[in-house]
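Per-entry structural report
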Amino acid sequence: MVYELNYKRYSEKAILIEWPSKIDENILDNLVFCKNQVEIHFYEVIVEVISSYNSLLIYYRFTIEDFYSEVFRLKSLFSDGSETGSRKTKLWKIPVCYSSALAPDLEQFAEMKSLSVDEVVRLHTTPIYKVYFIGFLPGFLYLGGLNEVLFHPRKKTPSPKIEKGSVAIGGNQTGVYPVDSPGGWYAIGKSPLSFFNASVEECCFVSLGDRIQFISISEKEYNDIRTLVNENLYTPTFKLESWEK
Amino acid sequence: MGEVKLLTSGFRTSIQDQGRFGFAKFGVPRSGAMDLDSYNRANLLLGNDENSACIEFAFQGPVLQFFEESVVVLTGANVIAFLNGDEVEMCSPFKVNVNDVLKIGMCKNGVYGYVGIMKGFLTPLVLGSRSFYSPVTDTSLLKSGSKISYKKKEVFTPKFSSISVSKLHEKLIKIEVLKGTEFELLSRSQKEVFYTSNFTISNTLNRMAIRLVEKLENQLPSMLTSPVLPGTIQLTPAGDLVILMRDAQTTGGYPRILQLTESSINKIAQLRMGKQLKFILS
């Protein structure tokens, strides 16, 4: 699919490219294709590319002298927008313990939605979520695919501390807090995995474009996996997926 | 190997270099020195590699004791500093000997001061940078009692004996900006405000953001979370104008009204609460 893209000069060294303003997997796939093209072919002139639901921000090493020729170069790079060949992404199985002991807001959230805790868990673990980007905090995944039934406005007053590993819901989004942080989302579960590890270059094991499924586990399994994670002995499970176009 | 100990910490004291690049895709902010001009000046005066780490402090400097010979320089906001009781000049490298104590006082004006050392301070490199930022580095701040390593002094051949720096003495500081991504969503009268009004730095200023006193009422539509950079000025639904700085998050959900030029970011970093500014839109 070919999209009408908006190219804007963001700063002396940055260009912003915008897709239509929607959360849409087809848009994401095209965005990821373009991001990869820039990273491979413009490697020598860029510092990095930041992405979000529908934008790419390309940060160059040097001041962009001629914005319009640079846009032309980018357009030429993207002109083969119908991506051919195959790409591999991963489908991660993320263990989550949905228990009140570990998730302070679980019962309150279920009550607010007039659902049983079991129903909340079923609705949260059924979808396969798409990773749209990582932002807000190091390792904070922006996921698409939350079931509408679970949508709920953020807390009016944020909690001063949502613990690391908390799986939470806010607005029409769900995600995992990679570190302790204040926040306005409802903590409905806790994952024993570590979503951000500064001691390795690939500091977040999940990538843009990957998919995620939450798997409900018991408190005992939570503790067991946590012990392994703390000793660096746990590798998150995933399934390799191939996309042919 | 030398070591310097903080006898007192000063305020918001940390280690900073040029910043952490290449990890924004994991949500890791750039960090790095708030006033890169003054930071670069310190390394230039010492003949250091340009990414050598410095100590950065805000408003109040630390008291440092050195346990090995080296050469040190102070740049950034003006401070009165004493090496063992003898006053030292800003922007002018000076030798430190074993057990020397450097007392750095309060900033007379400006916000951020820098202590540079020959070959740079050697805290661990985390994701390619020494800049402090929790949770990437273990801590965001240096505390009283903290110890930092540095290389013992080698032959020092200064290229400059000192550099004179023009300071921001004007009453109304000119800040160069570009129009932000969402600038065109503003009404004509709202845009006028940025061309004609003066703005004031509020008391909310830190490494993540600087808020302006003046508010701009608006009904701008909410937008999808989008990328941001240091220097991006956001306009919140409540009307606040927030200038994102070095530790700001990599993405944000508020309209981006203006974008500071790189040199403006360094300039605005040094403005204290109450300082007035005017935007120069290009």
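Residues numbered from 1 in each chain as written. Chains lettered and ligands numbered in written order. Predicted model: local features only at pLDDT ≥ 70, side-chain atom pairs only at ≥ 80, totals over all residues.

Here's the deal with the overall build of chain A
- Along chain A, the regular secondary structure elements total five helices and 14 strands.
- Taking the principal axes of its C-alpha atoms as reference, chain A extends roughly 60 × 40 × 35 Å.
- Per-residue burial for chain A yields a buried fraction of 37% across its 245 residues.
- For chain A, contacts bridging at least 24 residues in sequence account for 63% of all contacts bridging at least 6. (Helix = DSSP H or I, 4+ residues; strand = E, 2+ residues; numbered from the N terminus. Buried ≥ 20, exposed ≤ 12 C-beta atoms within 10 Å, placed from the backbone. Contact = placed C-beta atoms within 7 Å.)

Here's the deal with the overall build of chain B
- Scanning chain B from N- to C-terminus turns up three helices and 20 strands.
- Radius of gyration (C-alpha) of chain B: 20 Å, near the 19 Å computed for a compact globule of 282 residues.
- Considering only C-alpha atoms, chain B reaches an extent of 60 × 40 × 30 Å along its principal axes.
- Going through the 282 residues of chain B one by one, you find that 49% of them count as buried.
- Taking as baseline every contact in chain B between residues at least 6 positions apart, the subset at least 24 positions apart corresponds to 77%. (Rg over C-alpha atoms; globule rule 2.2 N^0.38 Å.)

Let's talk about the environment of leucine 102 of chain B
All names here are of chain B.
- In this fold, leucine 102 is placed in strand E9 (residues 101-107).
- Residues leucine 102 and alanine 24, 78 residues apart in the sequence, show an inter-C-alpha distance of 37 Å.
- Aside from chain neighbours lying at most four places away, what touches leucine 102 is Leu64, Val72, Ala81, Leu83 and Val96.

Description of the nonpolar core
- Grouped together as the largest cluster of nonpolar side chains are 138 residues, with contacts concentrated most on Leu57, Ala168 and Ile188 of chain A together with Cys54 and Ile243 of chain B.
- In this structure isoleucine 243 of chain B touches Ala209, Ile210, Ile233, Leu260 and Ile268 of chain B, once residues within four positions along its chain are discounted. (Core = buried A, V, L, I, M, F, W, Y, C linked by C-beta atoms within 7 Å.)

So, the sheet that holds strand E14 (residues 209-212) of chain B
Residues and elements named next belong to chain B.
- Spatially, E12-E19-E16-E17-E14-E13-E20 is the arrangement adopted by the seven strands of the closed barrel, whose pairing is mixed. Each neighbouring strand pair of the sheet contributes to a mean axis angle of 40°, computed without reference to strand direction.
- Where strand E16 (residues 232-235) lies against strand E19 (residues 256-260), three bridges are found, and the strand directions are antiparallel. Of the residues in E19, the one forming a bridge with isoleucine 233 is leucine 258.
- Strand contacts of helix H3 (residues 262-269): strand E12 (172-179), E14, strand E17 (241-244) and E19, with the helix running at about 145° to E12, the strand carrying the most contacts. (Pairing = 2+ DSSP bridges. Axes fitted to C-alpha atoms, helices over the stretch in contact; angles between N-to-C directions.)

Some thoughts on the interface of chain B and chain A
- With 26 residues of chain B at the interface, the matching set in chain A holds 31 residues.
- For the side of chain B that touches chain A, the per-class residue count stands at 13 nonpolar, eleven polar and two charged. (Nonpolar A, V, L, I, M, F, W, Y, C, P; charged D, E, K, R; others polar.)

With respect to the environment of valine 73 of chain B
Residue and element names in this part refer to chain B.
- Tracing the chain through its elements places valine 73 in strand E5 (residues 70-76).
- Each C-alpha atom, one on valine 73 and one on phenylalanine 121, is 12 Å from the other, the two residues being 48 residues apart in sequence.
- Once residues lying within four places of it in the same chain are set aside, the contact partners of valine 73 are Ala42, Leu45, Leu46, Cys91, Ser92, Pro93 and Gly116.

Quick notes on helix H2 (residues 67-78) of chain A
- Here H2 of chain A spans 17 Å end to end across twelve residues, near enough to the 16 Å set by a 1.5 Å rise per residue.
- Within H2 of chain A, only one of the twelve residues are buried, which leaves the element largely exposed. (Expected span 1.5 Å × (residues − 1).)

So, unusual backbone geometry
Residues and elements named next belong to chain B.
- Cis geometry is found at the peptide bond from serine 134 to proline 135, where omega equals 15°.
- Within the secondary structure, proline 135 is located in the loop between strand E10 (112-117) and strand E11 (147-150).
- One non-glycine residue, lysine 119, adopts positive backbone phi at about 70°.
- One can find lysine 119 in the loop between E10 and E11.
- For lysine 119, a count of 21 C-beta atoms within 10 Å gives the class buried.
- Of note in the backbone geometry, leucine 127 takes a positive phi value of approximately 50° without being a glycine.

Comments concerning the sheet that holds strand E4 (residues 63-66) of chain B
All names here are of chain B.
- With antiparallel pairing, six strands are arranged side by side in an open sheet as E7-E6-E9-E4-E1-E11. Of all the strands in the sheet, just strand E7 (86-88) and E11 have a single pairing partner and so form its edges. Strand after strand, the sheet turns through a mean of 25° between neighbouring axes, direction not considered.
- Two elements, strand E1 (residues 2-8) and E11, share four bridges in a ladder whose sense is antiparallel.

Focus on helix H4 (residues 117-125) of chain A
All names here are of chain A.
- Within the span of H4, buried status applies to Val120, Val121 and His124. Each buried residue of H4 lies within a common arc of 100° when the element is viewed along its axis, so the set occupies one face.
- Here the buried face of H4 lies against helix H3 (106-112), strand E12 (186-190) and strand E13 (211-216). (Arc of directions from axis to C-beta.)

Quick notes on the pairing of strand E6 (residues 79-83) of chain B
Residue and element names in this part refer to chain B.
- Where E6 lies against E9, four bridges are found, and the strand directions are antiparallel. Considered in E9, the bridge of valine 79 is made with cysteine 107.
- For E6 and E7, the ladder comprises three bridges, and the chain directions are antiparallel. Each bridged residue has a counterpart across the sheet, and for leucine 83 the counterpart in E7 is aspartate 86.

Here we look at the confidence of the model for chain B
- Averaged over all residues, the pLDDT of chain B is 94; the fraction at 70 or higher stands at 96%.
- Interface predicted TM-score (ipTM) for the complex: 0.91; the corresponding pTM is 0.92. (pLDDT = per-residue confidence, 0-100.)

Side note on the environment of leucine 64 of chain B
Residue and element names in this part refer to chain B.
- Take leucine 64: it is sitting in strand E4.
- For the pair formed by leucine 64 and glycine 10, sequence separation is 54 residues and the distance between their alpha carbons is 9.9 Å.
- Once you skip the residues sitting within four places of it in the chain, leucine 64 turns out to touch Val4, Leu6, Leu7 and Leu102.

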